[in-house]
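Read off the chains here:
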Amino acid sequence: MMVGVSDDRPPEESQTNIADPMTNTPPQRLRTLLVIAAVLLGLDLLTKTLAVANLTPGDPVPIIGDFARLTLVRNPGAAFSMATGMTWLLTLVAAGVVIGVVRIGRTLRSLWWAIGLGMVLGGALGNLVDRLFRAPGPLQGHVVDFVAIGWWPVFNVADSAIVCGAILLVVLTVFGFEPNGTRVGQGKADSAGEGSAA
């Protein structure tokens, strides 16, 4: 019988929201990504429900003169009303984006990448829900758009989230920020510094 020996062991290394102090590894960010996506999805569904309940197609409501207005449009295609006859394909593409983002998110350690991918995921899910559940039927549903600004095509919260998220991801890529929380060239610089110190 061993006295004074405790079998209390630290939890499994699944504490994904805590950085590893030994390796200085950033925490995983899947939870952050999913929370952002869920908030944007909820906001998108809420605003579309309100738009359908309160707006009449062809009867725009001015917000700032003719520059900004609310106008209900049901879009069978992609942005700028492209591919209007390929709604089923757009549905499959949106589903593929959702699956891809979730797979990437499982190893994500960059907060900014989590924000960008969360925006893309929330927007893709918002429009995917329309394609699956709105008329005229599954895989053929028309997306509800209701915000018109200037000459820009009518859009919704999901579209805004996708565009803003994509822009953020492009900026992160251009400036060398990696999804794993590192920056391009940073590892080489650290290695050179360690070699000089040695």
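Conventions used here
- Residues numbered from 1 in each chain as written.
- Predicted model: local features only at pLDDT ≥ 70, side-chain atom pairs only at ≥ 80, totals over all residues.
- Heavy atoms only, no water.
- UniProt positions renumbered as here; feature names shortened; annotations may be inferred.
- Helix = DSSP H or I, 4+ residues; strand = E, 2+ residues; numbered from the N terminus.
- Contact = heavy atoms within 4.5 Å.
- Buried < 20%, exposed > 50% of the residue type's maximum accessible area, 1.4 Å probe, protein only.
- Salt bridge = Lys/Arg side-chain N within 4 Å of Asp/Glu carboxyl O.
- Expected span 1.5 Å × (residues − 1).
- Arc of directions from axis to C-beta.

Enquirer: Would you take a moment to explain the UniProt feature "active site" (unreviewed entry) in the protein for this structure?
Expert: Here, the residues flagged by UniProt with the feature "active site" (unreviewed entry) are Asp145 and Asp159. By the secondary structure assignment, aspartate 145 is in strand β3 (residues 143–149). Ignoring anything within four residues of it in the chain, the contact list for aspartate 145 reads Thr71, Leu72, Val73, Asn75, Val154, Phe155, Asn156 and Asp159. Tracing the chain through its elements places aspartate 159 in helix α4 (residues 157–174). Classification of aspartate 159 as partly exposed rests on a relative accessible area of 22%.

Enquirer: Hey, could you run me through the pattern of salt bridges in this one?
Expert: Oppositely charged side chains are able to pair whenever their charged atoms sit close together. What the rule picks out here adds up to three salt bridges. A salt bridge links aspartate 44 to lysine 48, with the nearest nitrogen and oxygen atoms 2.8 Å apart. Residue aspartate 44 and its partner lysine 48 are both found in helix α1 (residues 30–54); the two are separated by four residues, about one turn of the helix. For the pair aspartate 44 and lysine 48, a shared accessibility class is recorded, and that class is buried. Where arginine 134 meets aspartate 130, a salt bridge forms, and the shortest distance between an N and an O atom there is 2.8 Å. For aspartate 130, a relative accessible area of 1% translates into the label buried.

Enquirer: Help me understand unusual backbone geometry, please; the structure alone is not making it clear to me.
Expert: Where the residue is not glycine, phi is negative for most of them; where a peptide bond is considered, it is trans in most cases. Here the amide bond leading from alanine 135 into proline 136 is cis, since omega sits at 10°, within 30 degrees of zero. Relative to the helices and strands, proline 136 resides in the loop between α3 (111–133) and β3.

Enquirer: Help me understand the environment of threonine 91, please; the structure alone is not making it clear to me.
Expert: Mapped onto the fold, threonine 91 is located in helix α2 (residues 87–105). For threonine 91, a relative accessible area of 2% gives the class buried. Linking threonine 91 and glycine 141, residues 50 residues apart in sequence, is a C-alpha distance of 8.8 Å. Residue contacts for threonine 91: discarding those within four places in its chain leaves Leu128, Arg131, Leu132 and Leu139.

Enquirer: I would appreciate a short explanation of the UniProt feature "transmembrane region" (unreviewed entry) in the protein in the present structure.
Expert: Following the UniProt record, the feature "transmembrane region" (unreviewed entry) maps to residues 32–53, 78–99, 111–129 and 149–177 here. From the first C-alpha to the last, residues 32–53 spans 32 Å; its make-up is 100% helix and 0% strand.

Enquirer: Is there a simple way to think about α2 in this case?
Expert: Residue pairs spaced three or four apart in an α-helix point in one direction, given the helix's 3.6 residues per turn. With 19 residues, α2 extends 27 Å from end C-alpha to end C-alpha; this agrees with the ideal 27 Å at 1.5 Å per step. Looking at α2, one finds that the buried residues are Thr87, Thr91, Ala94, Val98, Val101 and Gly105. Along α2, the residues classed as buried sweep out an arc of 95° about the axis, all on the same side. In this structure, α2 carries Ile99 and Arg103 as exposed residues pointing more than 90 degrees from its buried face. At its buried positions, α2 is contacted by α1 and α3.

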